[in-house]
Amino acid sequence: MASQISLELLPRARCFLDEPVQVKVTWLRSRQVVTMRARSTDERGVLFSSSAIYRADDRGEVDLNKQPSIGGSYVGVDPMGLLWSLRAEALHQYFQKEKALEPQVVTFSVHDEEEGRVLAETTSERLLLGDGVTRLPVIEGNINGVLFTPPGAGPFPAVLDLNSFPTEKRAALLANKGFVVLALCVFNVKPENTKEIHLDRFRDGIDFLQRQPKVGGNGVGVLSRSKASDIALSVAAFLPSVKACVWINGCSANTFFPLYYNKRQILSTRLFDNSKVIPTESGAFINKYAHTNPLAEENKGSLIPIEQAKAQFLFVASEDDMCCNSKAYVDEMVERLKRHGKNNFESVCYPRAGHVLNLPFSPSCPSSPHGICGYRAIWGGEPRAHAAAEVHLWKKIQEFFRAHLSCDDADESKQIG
């Protein structure tokens, strides 16, 4: 009697969301052609799936770490291809996994290519919260966020994780790496009900972080993407307690809503030219060319004075960003800082990546509804290159914060008792 076909996830099926797994099938027939499938349901109940065709080796084994897919959602050798190529059946869908308490559940299966029947199946739980990491909802004054704290006495570096809309996943995973992280979003109410944004709320978030007993060092880091990135630049420019700022695919000027601090407007809004929004056959729109030049005379009141910041900057741009011209904004900021005699920056550019740089192995998102504009937007990116950029960037972010958020000079009062 033939041995039972085995589908394994190595080194373990239960792992963190940002960890790779080795997908391996054994006890197939020599050179048997099979289809590998993955499926996962997001927090809205939308099913995402992917598939790839493989030919077993002479021993009847398929190892995604070594063997190429010969067809399906991707081709070639890609150990995590079944994850980043997950797609919904309908167009313009974003895989929504924002809450930290529940893992992402992915079902892997192997199917006979000729008969289509399931030969083996297994499930992976991809965790956001590690053992001992605490999650604390924070509603205090202007603050409405979630605090994640690693286990142990500390002191730990602190990071303000700024997102346009509520999400916990990045903050939770950073806490697993030894950071105290407060997740805050730019929009506590719907953008259509927003008239202005106040920097005071983010100042209060930083003050709250620095009061935490496990936090060390004399400053905090800020992590951001998209609209939240111009807020992060303003936080770094106007608040001296920011020591390290990660800007991902945003603008060098204040966008969409005027920015206030201490009850007065400090930045106007860079203009957006709706006539230059480009429709596509899919029903989604390209925004890249509708963002007007932040250096133009009419936009000068929106340009963020990053040259006055004391923080170290990591500028990250995707060159295939179809939402905004991120690479041009990085070039402008770098040139401006150099002109002011500054060298407090580094930059990384990803040639074929799109706007939505997410956590490693996330389902790629070429288009989805734009949270501010209200219509479906094209984000850009070649899926495989985009996925590789996400893996590289996640490591880069951690290295950057560790380099510039040392706890060696932690406040003495936090080291006593």
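About the thresholds
- Residues numbered from 1 in each chain as written.
- Predicted model: local features only at pLDDT ≥ 70, side-chain atom pairs only at ≥ 80, totals over all residues.
- Heavy atoms only, no water.
- Buried < 20%, exposed > 50% of the residue type's maximum accessible area, 1.4 Å probe, protein only.
- Helix = DSSP H or I, 4+ residues; strand = E, 2+ residues; numbered from the N terminus.
- Salt bridge = Lys/Arg side-chain N within 4 Å of Asp/Glu carboxyl O.
- 1 Å grid on protein atoms, 1.4 Å probe; cavity = no way out; pocket = protein on both sides within 12 Å on 5 of 7 lines; lining within 4 Å.
- Points joined across faces, edges and corners; volume = space filled by probe spheres on them.
- Nonpolar A, V, L, I, M, F, W, Y, C, P; charged D, E, K, R; others polar.

Q: Talk me through helix α2 (residues 169-176); I want residue IDs and the actual numbers.
A: The periodicity of an α-helix, 3.6 residues per turn, causes residues three or four positions apart to be oriented the same way. Most of α2 sits out of view: seven of its eight residues are buried. Within the sequence span of α2, burial applies to K169, R170, A171, A172, L173, L174 and A175. Looking one or two residues past α2, G178 carries a phi angle of roughly 100°, positive in sign.

Q: So what's going on with the pattern of salt bridges? Residues and values would help.
A: Evaluation of the coordinates by the stated rule reveals 24 salt bridges. Of the charged contacts in the structure, one is a salt bridge between R211 and E140, with a shortest N-O distance of 2.9 Å. Of the two residues, R211 sits in the loop between α3 (200-210) and β16 (215-223) while E140 sits in strand β11 (residues 134-140), which places them 71 residues apart along the sequence. Residue classification places E140 among the partly exposed positions, given a relative accessible area of 38%. Between R203 and D200 there is a salt bridge whose closest N-O contact spans 3.7 Å. Here the residue R203 and the residue D200 both occupy positions in helix α3, the gap between them amounting to three residues, near one helical turn. Judged by relative accessible area, R203 falls into the partly exposed class, the value being 22%. Because the salt bridges share partners, they merge into one network encompassing D57, R59 and E61.

Q: How would you sum up the layout of surface pockets? Please name residues and give values.
A: Taken as a whole, the largest pocket spans an internal volume of roughly 840 Å³. In this structure, the largest pocket is lined by 38 residues; those nearest its centre are S164, F165, R225, P369 and G371. Tallied by class, residues from the lining of the largest pocket come to 14 nonpolar, 16 polar and eight charged. Within this model, the second largest pocket holds a volume of roughly 310 Å³. For the second largest pocket, the lining is made up of 17 residues, of which G145, V146, P166, T167 and E168 are closest to its centre.

Q: Describe in detail empty space enclosed by the protein, supporting the description with residues and values.
A: The final tally for this structure, using the stated rule, is three cavities of 30 Å³ or more. In this model, the largest cavity occupies a volume close to 110 Å³. Along the wall of the largest cavity there are 14 residues; nearest its centre are L17, F95, Q104, S362 and P363. Class assignment for the residues of the lining of the largest cavity results in eight nonpolar, three polar and three charged. There is about 70 Å³ of room inside the second largest cavity. Around the second largest cavity, the lining residues are R170, I248, L357, N358, L359, E390, L393, W394 and I397. Looking at which element gives the most residues to the lining of the second largest cavity, the answer is helix α6 (residues 383-404), with four residues.

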